[in-house]
Amino acid sequence: MKNSKRHYLWISLITIMTAGLLSACQQNKNSITAVGSTALQPLVEEAAYAYGNKHGVTINVQGGGSGTGLSQVAEGSVAIGDSDLFVEQKQGIPANKLVDHRVAVVGIVPVVNPGVGVKNLSMDQLRAIFAGKITNWKEVGGKNQSVLLIHRGQGSGTRFTFEQDVMGKTSVAPGQEQDSNGSVQKIVKATPGAISYLAFAYANQPGLQKLQIDHVVPTKTNVTTNEWKIWSYEHMYTNKNKHSKLTEQFLQYLQTPAVQQDLIAKLGYISIHDMKVVKDIDGNVTPLKKGLGK
Amino acid sequence: MKEKNIIIPDHEVAISTKDMAVYYGEKKALHETRLSFPKYRITALIGASGSAKSTFLRSLNRMNDKVARVTGEINFEGININSSKVNVNELRRRIGMVFQQPNPFAKSIYDNITYALKYQGIKDKQTLDQIVEESLRGAALWDEVKDNLDKSALALSGGQQQRLCIARAIAVKPEILLLDEPASALDPISTAKLEETLMKLRENYTMIMVTHNMQQAARTSDYTAFFHLGEVYEYDHTSNIFQNPQVELTLNYVEGRFG
Amino acid sequence: MDAKKVDRIAKRVIQTMVLMIVVLLVLILGYILVTGLSQTKLDFIFKISKAAQAGGGIRDQLFNSLYLLVLALLISVPLSLGAGIYLAEYAPDNWFTRMLKTLIEILSSLPSIVVGLFAYLVLVIKFQIGFSIIAGAMALTFFNLPLLTSNIENAFRNLPDSQREAGLALGLSQWKMIKGILLPRIVPSIITAVILSSGRIFGEAAALIYTSGQSAPILNYANWNPFSPDSPLNIMRPAETLAVHIWKLNSEGLTPDADAISAAASAVLIIVVLLFNISAHYFGEKLEQKLTAKR
Amino acid sequence: MENDVQKQLTSPSKATRENIRGKALTFIIASLIIVLTVAVIGFIAIKGITTFTKDGVNLWDFLTKSNWNPGSIKDGKPEVGAAPMILGSFLVTLLAAVIATPFSLAIGIYMSEYASKKTNKLLRPVLELFTGVPSVVYGFLGLVIIVPMMRTIFGGTGFGILPGAIVLFVMIFPTITSMVVDALTAVPVSYRQAALALGATQWQSIYKIVLRAATPGILTAVIFGMARAFGEALAVQMVIGNSVLMPTSLVSPTATLTSQLTSQIGNTIMGSIQNDALWSLALVLLIMSLFFNLLVKMIARKRKI
């Protein structure tokens with residue numbers, strides 16, 4: 001008697017589990033997943049929460065890195081792949097299979113440990129520092145302290161943008177690599193002579209010194225006009241062969257004022273609608289006439 | 001020599017061996033034996049340590065299956081049970097066993113006795129209660145535990161635990177009860193009580209008992225087999241073994257000159 | 001120097017080293033608890049986490065950790081029971097058994113990141129299960145399985161043979177004997193082992209980042225339908241656990257109070273692990289007493 | 001002619017069926033574990049080998065060169081020199097074991113020889129508690145306490161092998177200790193009594209008898225701890241500095257296999273050379289953990305002789 005009861009328990013448990021797995025195979029219309037860039041994750045997460053609440057649907061948002069996002073959306077295993085880069089800038093992904101949706105712009109600012117005594121650098125100085133040609137802060141008017149370079153990890157979108165917009169063809173000197181914004185923050189704050197770069201949203205921290213470049217202040221307005229030159233788009237890629245109504249609606253929602261004006265400002269991104277210039281894959285910037293097309 | 005080991009008692013035979021030998025690996029621990037055990041009698045197996053009497057006993061209900069190789073025949077109920085065709089679980093239900101160390105389950109007294117019964121499909125509460133009482137009475141334990149049947153069996157004293165093991169063994173109504181030095185872990189008072197119990201059980205059960213205690217063998221058993229170094233030297237009425245042994249070795253042993 | 005003096009000095013040195021370690025451990029524990037609990041109000045346990053604003057909590061992460069733990073145990077306990085029973089009671093001494101034992105040892109020493117990546121590659125990508133609790137639970141099973149299996153095997157082996165004989169001599173099948181006689185006796189050991197391994201599971205992050213994922217969809221605790229995406233019971237939803245949350249706050253935290261929340265979450269984590277440990281010892285002893293019942 | 005009893009004795013019963021089912025069930029589960037383990041090893045091996053088979057990297061270059069830049073191609077070959085990571089992993093592991101072993105021995109000796117039962121009852125759970133502290137928390141502590149400490153003492157950035165080893169020491173020390181305690185308590189009391197009866201002091205009996213007898217167990221414990229240290233990812237990653245450079249000193253930033261793996265795997269595309277190279281690092285980790293296993297086995301075999 002006791003035995004058969006236990007059997008029922010097991011059978012029902014196994015049933016629930018298999019049913020759960022089955023239900024996953026035909027992931028229903030009420031749920032999609034967006035995976036990828038950790039830099040874009042907070043925005044998509046908050047938007048997904050707001051949208052999901054309003055429409056009774058679930059949008060799962062995962063980090064994992066731009067590479068993960070692009071791989072998975074190309075394979076069709078998720079609906080949206082978040083990326084800091086143009087898909088063409090990553091090797092190994094069939095770019096023609098994906099559709100680009102730009103949802104925001106991120107400005108990137110060099111940050112230093114406040115102890116170095118430098119608040120402004122010229123673009124050439126910045127380049128020389130990261131190329132390893134300037135190794136002491138006194139060479140750029142700071143204290144007698146050696147420069148400690150902290151890069152983002154290879155393959156990081158932030159690093160790619162920084163190197164494209166600052167270094168151009170010059171290659172960077174070897175240095176520490178940190179894989180996350182958080183580690184960069186902590187290390188630059190704590191280490192004398194450290195310099196690195198962060199997205200605007202991560203740079204507003206006590207103990208971090210943001211640098212001006214050629215006396216241009218790193219503000220959103222300056223990014224929209226390309227006076228501040230280090231910035232990139234945040235992309236959400238979808239797969240051409242996989243259409244879902246929910247995906248489309250969610251991407252449309254991301255272009256509404258609720259997101260583009262309120263949420264984006266709150267989280268420290270820059271609205272795609274405010275941009276007065278366009279940047280192409282190679283980093284060339286051209287002015288834009290009103291009304292950004294898709 | 002082997003021929004003289006066989007005695008055909010004037011009784012119906014419960015179980016008998018024919019050229020049964022036991023090997024541990026390559027080593028022959030027990031040489032070919034031919035013994036038959038009379039029904040409703042107590043037979044004692046005596047002999048010094050290492051004489052293979054326990055090995056012999058444990059072979060009778062195939063408890064040695066995993067550790068040793070048993071050759072020859074064991075005849076029970078008209079078939080040779082030393083065969084892979086025999087259902088050992090069924091066999092062991094019919095040939096029960098009580099061990100040297102009391103080994104009650106970590107369950108209540110009641111559950112100790114009913115566990116195997118329930119497994120056999122006896123579910124009726126009244127029947128179970130009745131068997132519990134019968135078995136405990138049979139093992140002379142009833143009066144001591146009847147108010148505490150829900151108590152853990154491990155809380156009983158050693159002597160009580162051993163009698164509980166007997167009660168547990170007879171609850172499944174075996175035909176034969178094998179006892180492997182059942183009193184060796186007990187104090188004299190418990191031993192006396194146990195022996196009393198065995199004498200009473202003789203009315204309904206065939207018992208084969210390994211013992212190191214000469215007095216115990218003399219007091220309780222009807223027949224006695226003397227084992228020495230893996231061979232049976234003598235098998236006869238207990239009185240003959242102790243008073244008039246035919247083999248000198250037996251005499252030396254029962255008089256305590258070695259052992 | 002005479003031997004007596006050496007003896008005294010050796011004892012003194014050892015005592016000093018023990019004292020150093022105890023102080024170190026107390027400092028670590030104290031630091032985590034003090035920094036963790038002083039900066040945040042305790043009600044953050046019941047608040048949802050926030051991506052960018054201050055005042056986020058860890059409600060869903062805590063639940064995810066517990067739910068993941070339960071699922072991982074649901075998978076790994078029966079499996080390790082089966083394997084443990086096989087090794088202790090059935091396994092003959094042959095090449096298969098030796099291989100099984102070696103592989104279990106290997107499994108137990110695999111780096112968690114390697115297991116995590118394997119689970120990511122196979123479960124999340126190949127089988128398209130996606131980032132989900134169930135993928136995480138399966139990854140955790142890999143860690144739990146070898147530890148629990150050898151614990152259970154040893155527990156069985158430590159039981160006296162007399163118990164097996166008692167059962168078999170009554171005509172019980174070996175299986176029934178194992179299940180009905182031996183198993184109940186090792187329940188205390190199993191419970192202790194399970195609770196202790198729970199502590200380890202609870203703090204695991206490396207294997208979960210790429211399996212159960214790094215985001216926690218907001219849960220609706222009133223929804224008990226395990227197939228609905230916002231139900232806490234849904235095993236196919238991604239689920240950031242407490243340990244992963246701490247890792248993420250440290251690496252990508254956007255909220256102004258990321259440090260405070262991560263310290264507080266660490267404190268909560270340690271307290272939960274502490275509770276696991278205490279209850280493991282408590283239950284282990286209680287059950288042992290109840291079974292042996294020396295009244 | 002068979003009677004009923006004979007029939008029952010010779011025909012299968014419920015018990016027979018149960019036996020077959022029970023044995024089959026547990027055997028299947030045991031086989032499942034084999035399949036799982038082989039699958040893990042197989043998958044990682046296949047993924048890890050791709051770098052050498054498909055992308056044409058020379059195994060020797062992989063092990064000895066120190067340029068890690070899988071994206072860029074030099075002389076027709078991708079630059080995947082993993083030497084800094086391999087060296088980094090080995091150094092942190094060895095150093096952590098070197099720091100942890102004396103302390104583990106001290107606590108082990110204290111618990112098995114000097115301490116009262118009550119003290120032991122208190123110390124054991126504390127040790128177990130510390131095996132349960134999540135690695136993330138240790139990494140966090142390392143970052144805010146040890147790294148600044150290193151910086152003030154040695155100058156430089158404070159990141160590197162030494163802080164990594166210290167964090168690992170705290171992590172593996174409880175594991176090693178509890179195994180050492182087991183090894184020491186397994187030495188029979190009679191050994192000690194014999195030594196004491198011969199007039200040896202307690203320390204002599206510990207040093208000459210108990211420690212000798214427990215040596216294989218202690219070695220196993222240390223190797224176990226090293227295996228754990230070698231595979232630890234997140235805590236080390238936070239304090240090692242993560243730059244793929246040959247370490248020049250104990251406090252110069254470098255990388256370990258695990259730190260590189262965790263920090264990069266999300267940024268790479270499945271099937272690309274960058275990704276394959278990372279799987280090769282995972283393969284190195286796997287091989288190392290197999291090696292540690294072998295070592296433990298060898299010690300165990302020696303102990304039997």
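Residues numbered from 1 in each chain as written. Chains lettered and ligands numbered in written order. Predicted model: local features only at pLDDT ≥ 70, side-chain atom pairs only at ≥ 80, totals over all residues. Heavy atoms only, no water.

A. Molecular detail of the domain arrangement of chain C. All names here are of chain C. Domain annotation of chain C identifies domain 1 (1-39) and domain 2 (45-292). Relative to domain 2, the C-alpha centre of domain 1 lies at a distance of 32 Å. At the junction of the two partners, domain 1 supplies seven residues and domain 2 supplies seven residues. Summed over both partners, the interface of domain 1 with domain 2 buries about 550 Å², with 84% contributed by carbon and sulfur atoms. Looking only at domain 1, the three residues that lose the most surface to domain 2 are Ile32, Gly36 and Gln39, adding up to 55% of its buried area. The interface formed by domain 1 and domain 2 holds zero salt bridges in total. (Domains from an automatic or database assignment. Contact = heavy atoms within 4.5 Å. Buried area = accessible area lost by both parts, 1.4 Å probe. Salt bridge = Lys/Arg side-chain N within 4 Å of Asp/Glu carboxyl O.)

B. Focus on the sheet that holds strand S9 (residues 206-210) of chain B. All names here are of chain B. The sheet built from six strands is open, its strands ordered S7-S8-S9-S4-S10-S11 with mixed pairing. The open sheet has two edge strands with one neighbour each: strand S7 (95-98) and strand S11 (231-237). Adjacent strand axes in the sheet meet at a mean angle of 15°, parallel and antiparallel pairs treated alike. Sheet topology note: the S7/strand S8 (residues 176-180) ladder contains four bridges and is parallel. Among the inter-strand pairings, isoleucine 95 is bridged to a residue of S8, identified as isoleucine 176. The sheet strands contacting helix H2 (residues 53-60) are strand S4 (42-46), S7, S8, S9 and strand S10 (223-228), and the helix crosses S8 at an angle near 150°. Each of S7 and S8 is contacted by helix H7 (residues 158-171), which is oriented at about 170° to S7, the strand it contacts most. (Pairing = 2+ DSSP bridges. Helix = DSSP H or I, 4+ residues; strand = E, 2+ residues; numbered from the N terminus. Axes fitted to C-alpha atoms, helices over the stretch in contact; angles between N-to-C directions.)

C. Expanded view of the packing of aromatic side chains. Summed over all chains, the structure comprises 33 aromatic pairs over all chains. Summarising the aromatic geometry, the rings of Tyr86(C) and Phe96(C) are spaced 6.4 Å apart at their centres and angled 85° between planes, so their arrangement reads as edge-to-face. Here Phe96(C) lies in helix H3 (residues 95-109) and Tyr86(C) lies in helix H2 (residues 59-90), a separation of 10 residues in the sequence. The same class applies to Tyr86(C) as to Phe96(C), namely buried. A connected cluster of aromatic rings, assembled from ring pairs, spans Phe37(B), Phe56(B), Tyr223(B), Phe227(B) and Tyr235(B). Against the face of Phe105(B) rests Arg168(B), its NZ or CZ located 4.3 Å from the ring centre. (Phe/Tyr/Trp six-rings, centres within 6.5 Å; stacked < 30°, edge-to-face > 60°. Buried < 20%, exposed > 50% of the residue type's maximum accessible area, 1.4 Å probe, protein only. Lys NZ or Arg CZ within 6 Å of the ring centre and 35° of its normal.)

D. Molecular detail of the confidence of the model for chain C. When pLDDT is averaged along chain C, the result is 84; 96% of the residues meet or exceed 70. Within chain C, no element has a lower average pLDDT than helix H9 (residues 258-292) of chain C, which sits at 80, and none a higher one than H2(C), at 91. (pLDDT = per-residue confidence, 0-100.)

E. Region of the structure containing the nonpolar core. If you look at the biggest cluster of nonpolar residues, it comprises 367 residues, and the most contacted ones within it are Ile195(A), Phe250(A), Ile15(B), Leu136(B), Phe156(C) and Trp68(D). It is H2(C) that contributes the most residues to this core, 17 residues altogether. If we ignore the near neighbours within four places in the chain, the residues touching Ile15(B) are Leu35(B), Ser36(B), Phe37(B), Leu60(B), Ile74(B), Asn75(B), Phe76(B), Ile81(B), Ile95(B), Ile176(B) and Ile208(B). In terms of nonpolar packing, the next biggest core, distinct from the first, is built from 12 residues, Phe242(B), Val247(B), Tyr253(B) and Val254(B) among them. (Core = buried A, V, L, I, M, F, W, Y, C linked by side-chain atoms within 4.5 Å.)

F. View of the interface of chain B and chain C. Counting residues at the interface gives 26 residues for chain B, matched by 22 residues for chain C. Approximately 2000 Å² of surface area, both sides summed, lies buried where chain B meets chain C, with 60% of it carried by carbon and sulfur atoms. In terms of surface lost to chain C, no three residues of chain B exceed Phe105(B), Tyr115(B) and Tyr119(B), which account for 27% of the buried area on that side. Counting across the chain B and chain C interface gives one salt bridge.

G. Highlighting the UniProt feature "transmembrane region" (unreviewed entry) in chain D. Residue and element names in this part refer to chain D. UniProt feature "transmembrane region" (unreviewed entry): in the numbering of this structure it lies at residues 24-46, 85-110, 122-147, 153-173, 218-240 and 277-296. The span residues 24-46 shows a helical share of 100% and a strand share of 0%, and its end C-alpha atoms are spaced 32 Å apart. Helix makes up 100% of residues 277-296 and strand 0%, with an end-to-end C-alpha separation of 29 Å. (UniProt positions renumbered as here; feature names shortened; annotations may be inferred.)

H. Representation of the interface of chain C and chain D in the model. Tallying the contact residues gives 75 residues for chain C and 75 residues for chain D. Seen at the junction of chain C and chain D, the total is one salt bridge. A salt bridge links Glu105(C) to Lys297(D), with the nearest nitrogen and oxygen atoms 3.5 Å apart. Here chain C is connected to chain D by seven residue pairs in polar contact (both at pLDDT 80 or more). Examining the composition of the side of chain C that touches chain D, we find that 19 residues originate from one element, helix H1 (residues 3-38) of chain C, more than from any other. When its residues are assigned to classes, the side of chain C that touches chain D shows 52 nonpolar, 15 polar and eight charged. (Polar contact = N/O pair within 3.5 Å; in protein donor to acceptor, adjacent residues only side chain to side chain. Nonpolar A, V, L, I, M, F, W, Y, C, P; charged D, E, K, R; others polar.)

I. Spatial organisation of a nonpolar patch on the surface. Taken together, the side chains of Tyr31(C), Val144(D), Ile145(D), Met149(D), Ile153(D) and Phe154(D) present a nonpolar region at the surface, about 520 Å² in accessible area. Considering each element in turn, the nonpolar patch owes the most residues, five residues, to helix H6 (residues 135-154) of chain D. Tracing the chain through its elements places Ile153(D) in helix H6. (Patch = residues over 30% accessible without salt bridge, like charges linked within 9 Å, V, L, I, M, F, W, Y side chains within 5 Å. Areas by Shrake-Rupley, 256 points an atom, 1.4 Å probe, with all protein chains shown as cover.)

J. Spotlight on the confidence of the model for chain D. All names here are of chain D. Looking at chain D as a whole, its pLDDT mean stands at 85, while 97% of the residues score no less than 70. Here strand S1 (residues 68-74) is the element of chain D with the lowest mean pLDDT, 73, and helix H4 (residues 83-114) is the one with the highest, 91. Across the interfaces of the predicted complex, the ipTM metric reaches 0.82, alongside a pTM of 0.84.

K. Structural context of the packing of helix H4 (residues 123-131) of chain A against helix H5 (residues 157-167) of chain A. All names here are of chain A. Put simply, H4 and H5 touch, their axes get as near as 10 Å, and they point 125° apart. In terms of orientation, H4 lies oblique with respect to H5. Contacts from Met123, Leu126, Arg127, Phe130 and Ala131 of H4 reach H5 at Phe162, Asp165, Val166 and Met167. Split by residue class, the contact of H4 with H5 holds seven nonpolar, no polar and two charged. (Parallel < 35°, antiparallel > 145°, perpendicular 65-115°, else oblique.)

L. Quick peek at the UniProt feature "transmembrane region" (unreviewed entry) in chain C. Residue and element names in this part refer to chain C. Residues given the UniProt feature "transmembrane region" (unreviewed entry) here are residues 12-34, 66-88, 100-123, 129-148, 182-202 and 260-284. Its end C-alpha atoms 32 Å apart, residues 12-34 is made of 100% helix and 0% strand. Helix makes up 100% of residues 182-202 and strand makes up 0%, while its end C-alpha atoms are separated by 30 Å.

M. Expanded view of the arrangement of the chains. Across the five pairs of chains in contact, the largest number of contacts is found between chains C and D. One finds no contact linking chain A with chain B; the least C-alpha distance across the pair is 10 Å.

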